[in-house]
Every structure is written in C-alpha cells, then in structure tokens.
Amino acid sequence: MKQARAIVITGNGTNCEREAAHACRLGGFDEAVIAHISDLLTGNIRLDDFHFLNLTGGFLDGDDLGSAKAQANRLKYARIEGATEHLIDQLSRFIADGKLILGVCNGFQLMVKMGLLPALDESYLEQSVTLTFNDCGRFQDRWVYLKVDPASPSLFTKGVEKGLYLPIRHGEGKLLADSPATLAAIEERHLAVFKYATADYAAASMEFPLNPNGSVHAIAALCNDNGRLMGMMPHPEAFVHRTNHPRWTREELPEEGDGLILFKNAATYVKEKLL
Ligand SMILES: NC(=O)CC[C@H](N)C(=O)O
C-alpha cells in the first residue's frame, strides 16, 4: 500500500518538530519522520521519499544574522556529501513534483529568506519579502485571531470558514515587502492567506496586540500561486486538540483544535493527488 509520508526537518535550533510530526499523524499522514538536517546533507535521508515537507519553528542558529538567514544559505548552497547534487536540487525537484511545503514561524522566516515565498516569478530563489523585528521591539507570546482569505489558492485552508485562533511566539514576525508592487501582487493574487484580525474575524487589524508585530497589511501567512507552499507565523501544530487552548477548562470547545484542519487538508491532498 502506498503511504502518505511527511518529513519534519530538525537541528540547528528548531524546537517544534515533535508537535509538527504529531499534527501530521493526527491529520492523516501514515508516517511523519523527524529528520536532522545533517541526515539530509549526508544523503542518508532524501526529500524525494516524502510528500509533505514541514519547516518548523524554533531558533535556527540562535537567530544570528536575523532569524533563519544562516539556514536559508545552508539550504541554498550546501552540497550533499559524496554526491554531485546540492540539497536545493532535491528541494526544487520536490516543488516541481507538486509536493507540499508548510513553514511555521522560524520555518516561514526560512521560506521567505530563501525566496520560496511568495515566489511571485516562480523562481523560488529570489527573496522579495522579509520577516523582521516586531514593532513593539519585544518577543511576543500570545494567541491571535487570523482572518482567512477565502479566495486564496492555498490548499491547506479548504473548509476554514472565518478564520483560526492560534498561538504565536516570535521576535521577528513583522512582514515587509521589497516594494509596493510586491505587496500589490500579493494582494491581487490573494497570496496573503491569513491576516491578523479582530476577535470576530470580521476585519484585519493593525492594532497591537491583535496584530502582534506590525506586519504590513496585517499579513500573518503567505502561499504561492498554486497553493501548495504555505508559510505562517502562528503555530497550527500547537492547537490540534481542545486541551491546547488556554481556556479549555472554562469554555465548551470542539474536540479538534483550530490548527488541525491545515494538516488534514495536506493529508487529503497527498492521498488524492500524489499517491
Ligand atoms: N517560535 C519561533 O519559531 C520563533 C522564530 C524566531 N526565533 C523569532 O523569534 O522570531
């Protein structure tokens, strides 16, 4: 039987790999492998053997040079030991094969710094936006309301009605674009999947703390044009069951946490389209 296989990359400072792997399994993946980056660089583990790549949260390289910057260079330029191939060749093939990537927090920072998102020209290697220091100048650890764009091409958000309530924990979550044209293209193509919003999900918000970092246009997540690549600052893997919710003992909540739907949609897509 063919298996839906997810991989979660760890090492150099990630800290959400177990939660991400758990969310993948709960969402319907047959297997979720936590792979140290060095196993990819020695060629022991190959991206080709998986359908869903998770770039997860943490403090890659201690946020030195700016969050995820060093890892972005590592992934772009590192050669696989004893092979003629670079890791980026495997990653490019992964994308070309129509497979899925989800970057969360440090993983989202990594995706934008590599150029994987928003990938307006589909080169996947030209950086056009960044995630930088929160306007408040401090690390933020709180829950936020995320209004979904129902017109976004993201395959991860199918069935999300108004939005999601999820935790954030970051110091560098303010999204900035390199030009007004980039920002306009993101809006025109509906690539801003989620925006920080009011508690009823009715309107995007620039007000702190609803918008915890001052992101332009309140952008909290981006996808690419075909919707198979997505990155977001909030942590969907941290709310997959009602007991993850801060008020679960005081409120009547559904069994399933808001973040699980993203992993369920990924698993469904893989099973329907990639197996
Ligand atoms: N939780 C995270 O992934 C944090 C990302 C990064 N270290 C930051 O502080 O912005």
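Our structure's up above, just so we're on the same page.
Here's a quick rundown of the structure. Quick caveat, the model's predicted, so the values are computed rather than measured. (Residues numbered from 1 in each chain as written. Predicted model: local features only at pLDDT ≥ 70, side-chain atom pairs only at ≥ 80, totals over all residues.)

**Focus on the sheet that holds strand β7 (residues 163-170)**
Basically, it comes down to this: Strands are labelled as partners when DSSP assigns at least two bridges between them. Numbering of helices and strands runs from the N terminus, with a helix taken as a DSSP run of H or I at least four residues long and a strand as a DSSP run of E at least two residues long. Helix axes are fitted to C-alpha atoms over the stretch in contact, other axes to C-alpha atoms as well, and angles between N-to-C directions run from 0 to 180 degrees.
Taken in spatial order, the 3 strands line up as β7-β6-β9 in an open sheet, and their pairing is antiparallel. Each edge of the open sheet carries a strand with a single partner, namely β7 and β9 (194-197). Taking the axes of each pair of neighbouring strands and ignoring which way they run, one obtains an average angle of 45° across the sheet. Here 4 bridges tie strand β6 (residues 140-148) to β9, and the two strands are oriented antiparallel to one another. Note that in β9 the partner of K147 across the bridge is K195.

**Quick notes on the site of the ligand**
Our working definition: Throughout this description, a residue near a molecule or strand is one whose C-beta atom, derived from the backbone, lies within 6 Å of it. Residues are sorted three ways: Asp, Glu, Lys and Arg are charged, Ala, Val, Leu, Ile, Met, Phe, Trp, Tyr, Cys and Pro are nonpolar, and all the rest, Gly among them, are polar.
Residues in contact with the ligand, as listed here, are G57, G58, F59, D63, S67, C105, N106, R169, H170, G171, E172 and G173. Among the residues forming the shell around the ligand, the class breakdown is 2 nonpolar, 7 polar and 3 charged.

**A look at helix α5 (residues 106-114)**
We apply this condition: Buried, partly exposed and exposed are defined by the number of other C-beta atoms within 10 Å of a residue's own C-beta, namely 20 or more, between the two limits, and 12 or fewer respectively, with C-beta atoms placed from the backbone. We call two residues in contact when their backbone-placed C-beta atoms lie within 7 Å.
Across the 9 residues of α5, 9 count as buried, placing the element largely inside the fold. For α5, the full list of buried residues reads N106, G107, F108, Q109, L110, M111, V112, K113 and M114. Residues of α5 that are buried make contact with β3 (52-55), α3 (69-77), β4 (100-104), β5 (129-132) and β11 (229-232). Positive phi appears at G115, one or two residues downstream of α5, with a value of about 100°.

**Brief notes about the nonpolar core**
Note the threshold: Structurally, a nonpolar core is described as a collection of buried Ala, Val, Leu, Ile, Met, Phe, Trp, Tyr and Cys residues joined by way of C-beta atoms within 7 Å.
Core analysis: the largest hydrophobic core is formed by 81 residues, its most contacted members being C24, F52, L146, L222 and A266. Those residues within four positions of L222 in sequence are excluded, and the remaining contacts are L117, P118, I186, L191, A192, V193 and G231.

**Re the sheet that holds strand β2 (residues 31-36)**
The 6 strands are arranged β2-β1-β3-β4-β11-β10 in an open sheet whose pairing can be described as mixed. Looking at which strands have only one partner, the edges of the open sheet turn out to be β2 and β10 (221-223). Pairs of neighbouring strands in the sheet enclose a mean axial angle of 15°, with direction left out of account. Where β10 lies against β11, 3 bridges are found, and the strand directions are antiparallel. When the bridges of β11 are listed, A221 appears paired with M232. Taken strand by strand, α5 contacts β3, β4 and β11, and its axis lies near 115° from that of β4.

**Overview of helix α7 (residues 260-274)**
Our working definition: Helix span, expected: 1.5 Å multiplied by one less than the number of residues in the helix.
Taking 1.5 Å as the rise per residue, α7 with 15 residues should run 21 Å; its terminal C-alpha atoms sit 20 Å apart, in good agreement. Those residues of α7 lying buried are L260, L262, F263, K264, N265, A266, A267, Y269 and V270. Looking at the buried residues of α7, the elements they touch are α1 (17-27), β3 and β4.

**A few points about the environment of E251**
Relative to the elements of secondary structure, E251 occurs in the loop between β11 and α7. On the basis of neighbour counts, which here come to 9 C-beta atoms within 10 Å, the residue E251 falls in the exposed class. When the C-alpha positions of E251 and Y77 are compared, they lie 49 Å apart, and in sequence the two are 174 residues distant.

**Thoughts on the packing of α3 against α5**
Applicable threshold: The scheme is simple: roughly parallel for angles under 35 degrees, roughly antiparallel for over 145, roughly perpendicular for 65 to 115, oblique for anything else. By convention the crossing between two helices is left-handed if the near helix lies anticlockwise of the far one by an angle smaller than a right angle, and right-handed if it lies clockwise.
Viewed as axis vectors pointing N to C, α3 and α5 meet at an angle of 55°, and their least axial separation amounts to 9 Å. One element, α3, and the other, α5, form an angle in the oblique class. As for how α3 packs across α5, the hand of that crossing is right-handed. Contact residues: α3 offers K69, Q71, A72, L75 and K76, while α5 offers L110, K113 and M114. Tallied by class, the residues present in the contact of α3 with α5 amount to 4 nonpolar, 1 polar and 3 charged.

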